[in-house]
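# Inside the fold
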Amino acid sequence: MAEEAADTRSYLVVLNDEEQYSIWLADRELPLGWRAEGVRGSREECLEHIGTVWTDMRPLSLRNRMDSASSGTRAAV
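Right, let's walk through the structure included here. Note that this is a predicted model, so its numbers are computed, not measured.

All right, on to helix α3 (residues 60-71) then. Helical geometry note: an α-helix holds 3.6 residues per turn, so side chains three or four residues apart project in the same direction. Taking 1.5 Å of rise per residue, twelve residues should cover 16 Å, and α3 covers 16 Å from first to last C-alpha, within 8% of that figure. Looking one or two residues past α3, Gly72 carries a phi angle of roughly 80 degrees, positive in sign.

With respect to topology, three strands assemble into an open sheet ordered β2-β1-β3, the strand pairing being antiparallel. Since the sheet does not close on itself, it has two edges, and those belong to β2 (21-25) and β3 (34-41), each with one partner. The average angle at which neighbouring strand axes cross in this sheet is 35 degrees, direction not considered.

What follows covers the pairing of strand β1 (residues 11-16). Of all six residues in β1, six are buried, a share of seventy percent or more. Covered by surrounding structure in β1 are Tyr11, Val13 and Leu15 together with Leu12, Val14 and Asn16, the residues of both alternating faces. Looking at chain direction, β1 and β2 are connected through five bridges and run antiparallel. Within β2, the residue paired with Val13 across the bridge is Ile23. Hairpin connection of β1 to β2: four residues between the antiparallel strands, including Glu19 at a positive phi of 60 degrees. Judged from the five bridges that link them, β1 and β3 form a sheet pairing that is antiparallel. Each residue of the ladder has a partner; that of Asn16, found in β3, is Trp34.

Rules of the game
- Residues numbered from 1 in each chain as written.
- Predicted model: local features only at pLDDT ≥ 70, side-chain atom pairs only at ≥ 80, totals over all residues.
- Heavy atoms only, no water.
- Helix = DSSP H or I, 4+ residues; strand = E, 2+ residues; numbered from the N terminus.
- Expected span 1.5 Å × (residues − 1).
- Pairing = 2+ DSSP bridges.
- Axes fitted to C-alpha atoms, helices over the stretch in contact; angles between N-to-C directions.
- Buried < 20%, exposed > 50% of the residue type's maximum accessible area, 1.4 Å probe, protein only.

Given below as structure tokens:
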């Protein structure tokens, strides 16, 4: 816990094609399949932002399938 409290590194909020969020060290190259979401800050700031914006943990493809099933249409994959 003390190690986390002393963490002064800068992080990015990142997002993948399934609209799943994570944090990534700002000075590192983003992994394939992830893009910067636009927020940069401390670990705590980034996690707080994710907690605010990521309100539906289901992957985008699942949300689309469920929405299509409830409306009687077929989702594009």
